[in-house]
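What the coordinates show
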Amino acid sequence: MILIFGGTTEGRISIQTLEEAGKPFYYSTKGDEQEVFLHNGIRLQGAMDAGQAIAFCHRHDIRLIVDAAHPFATQLHHTLEQVSSETGIPVIRFERIFPERDEEHIIWCRDYDDAIQRIEAENIATLLVLTGVQTIGKLKPLWQNNKCYFRILDRDSSRRLAREQGFPSERLFYYRQGEDERILLQQLRPEAILTKESGTSGGFDEKVAAARQLGIRIFALCRPDTSRRFICVNGEHGLRRMVEKLLPDFFPLHSGLTTGTCATAAAVAATWRLFNSD
């Protein structure tokens, strides 16, 4: 059995990939707000600590884990690293595509403390934070001492979490899928934005492009390092081939180079040799 930890675009792709096998698997998310269609998959909700995850793996004969969670879900990544270390279950890290870091136009920050220090050192008067509601508490020194806005997801759980952390509701703005990133920037005209290195599927390029177009400074949090225990893949084909390698009996049909592909390559080579021989 396979256990996926998702809640992201990569989680959806993982579901679509594993559904092709026609066999059951588990799909786990921390909350219940992601809507996904599962035919063979079994939905799990609620966070697991290492002990709970290990017990679940033993109870349900989990032989492979897919970590398709957000790059900044560090607690979950550490938990899965511990689970893998103690059980020997391999973990596939379904990684996002990350553009090359732009060192010229972006100020890169190692972590939240580094971001606070750099932004305060630059005397940024007005800041728009695009790092999500979970980071409000971590960035409290910024919004206590500066005029700071947060853009969060438009849902009750996000508003509740912002309220619990004491952030002023009048400084909250909401993400709307498909909306031009320039709209909010033109409305607020911040001196700078703070965002995460969230990859292509996280809209990183669009945020940076909009800020650069409007002459707004950009601070970005570097993504956390991936555990060396994890097997990293990109895209649905990379995920499927790694599942086939680690669990050969999961998919009834395997992908890869077929005899037809080999025959075509041989025919092309023979033709080239025929017409290019002396």
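Everything here concerns the structure above.
Notes on the structure in this doc start here. On a predicted model such as this, the values are computed, not experimentally measured, just so you know.

Conventions used here
- Residues numbered from 1 in each chain as written.
- Predicted model: local features only at pLDDT ≥ 70, side-chain atom pairs only at ≥ 80, totals over all residues.
- Heavy atoms only, no water.
- Buried < 20%, exposed > 50% of the residue type's maximum accessible area, 1.4 Å probe, protein only.
- Helix = DSSP H or I, 4+ residues; strand = E, 2+ residues; numbered from the N terminus.
- Contact = heavy atoms within 4.5 Å.
- Polar contact = N/O pair within 3.5 Å; in protein donor to acceptor, adjacent residues only side chain to side chain.
- Core = buried A, V, L, I, M, F, W, Y, C linked by side-chain atoms within 4.5 Å.
- 1 Å grid on protein atoms, 1.4 Å probe; cavity = no way out; pocket = protein on both sides within 12 Å on 5 of 7 lines; lining within 4 Å.
- Points joined across faces, edges and corners; volume = space filled by probe spheres on them.
- Nonpolar A, V, L, I, M, F, W, Y, C, P; charged D, E, K, R; others polar.
- Pairing = 2+ DSSP bridges.
- Axes fitted to C-alpha atoms, helices over the stretch in contact; angles between N-to-C directions.
- Parallel < 35°, antiparallel > 145°, perpendicular 65-115°, else oblique.
- Left-handed = near helix turned anticlockwise from the far one by under 90°.
- Right-handed = clockwise from strand over helix to strand, strands pointing away.

Every buried residue of helix α4 (residues 112–121) is listed here: Tyr112, Asp114, Ala115, Ile116 and Ile119. Packing partners of the buried residues in α4 comprise β6 (107–109), β7 (126–129), α5 (140–145), β10 (192–196) and β11 (217–221). The N-cap of α4, judged by a side-chain oxygen 3.3 Å from the amide nitrogen of Asp113 a few residues on, is Asp111. After α4 finishes, the residue Asn123 shows a positive phi value of roughly 55 degrees.

As a further point, take the nonpolar core. Ranked by internal contacts, the top residues of the largest apolar core, which has 24 residues, are Leu127, Leu139, Phe150 and Leu194. Mapped by element, the contributors of at least two residues to this core are α4, β7, α5, β8 (147–153), β10 and β11. A total of four residues in this core trace back to one element, the largest contributor, which is α4. Residues within four places of Leu127 in sequence aside, it is in contact with Ile119, Leu142, Lys147, Cys148, Tyr149, Pro190, Ala192, Ile193 and Leu194.

A few words now on empty space enclosed by the protein. Evaluated as defined, the whole model comprises one cavity of 30 Å³ or more. A volume near 70 Å³ is recorded for the largest cavity. Considering the residues around the largest cavity, the lining is formed by Pro71, His77, Arg93, Glu95, Arg223, Pro224, Asp225, Thr226, Ser227 and Phe230. Split by residue class, the lining of the largest cavity holds three nonpolar, three polar and four charged.

Let us now look at the sheet that holds strand β3 (residues 41–45). Pairing is parallel across the open sheet formed by six strands, whose spatial order is β3-β2-β1-β4-β5-β12. In this open sheet, the two strands that pair with only one neighbour each are β3 and β12 (231–234). On average, each strand axis in the sheet is inclined to that of its neighbour by 25 degrees, with strand direction left out of account. Note that strand β2 (residues 25–29) and β3 share five bridges and pair parallel. Its bridge partner lying in β3, Phe25 is registered against Gly41. Docked against the sheet, helix α3 (residues 74–87) engages β1 (2–5), β4 (64–67) and β5 (91–95), running at close to 165 degrees with respect to β4.

Between helix α7 (residues 181–188) and helix α8 (residues 204–213), the least distance of the axes is 9 Å, while the angle of their chain directions is 40 degrees. By the criterion of interaxial angle, the relationship of α7 to α8 is oblique. Read as a crossing pair, α7 and α8 show a hand that is right-handed. Side by side, α7 and α8 meet where Glu181, Arg182 and Leu185 of the first sit next to Glu206, Lys207, Ala210, Ala211 and Gln213 of the second. Among the residues making up the contact of α7 with α8, the classes are represented as three nonpolar, one polar and four charged.

With that settled, the discussion passes to unusual backbone geometry. Positive phi, close to 55 degrees, is recorded for Asn123, a residue that is not glycine. Here Asn123 shows up in the loop between α4 and β7. With a phi close to 50 degrees, Arg189 is a non-glycine residue in the positive phi region. Relative to the elements of secondary structure, Arg189 occurs in the loop between α7 and β10.

Our next topic: helix α1 (residues 9–19). By the burial criterion, the buried members of α1 are Glu10, Gly11, Ser14, Ile15, Thr17, Leu18 and Glu19. The secondary structure elements touched by the buried residues of α1 are β1, β2, β3, β4, β5 and α9 (235–246). Capping the start of α1 is the job of one residue whose side-chain oxygen sits 3.4 Å from the backbone nitrogen of Glu10: Thr8.

What follows is about the pairing of β7. Burial of the side chains of β7 extends over both faces: Thr126 and Leu128 are buried on one face and Leu127 and Val129 on the other. In this structure, β7 lies alongside β8, joined through four bridges in parallel fashion. Each bridged residue has a counterpart across the sheet, and for Leu127 the counterpart in β8 is Cys148. The parallel pair β7 and β8, bridged by α5, forms a crossover whose chirality is right-handed.

On their own, these measurements won't tell you what the molecule is for.
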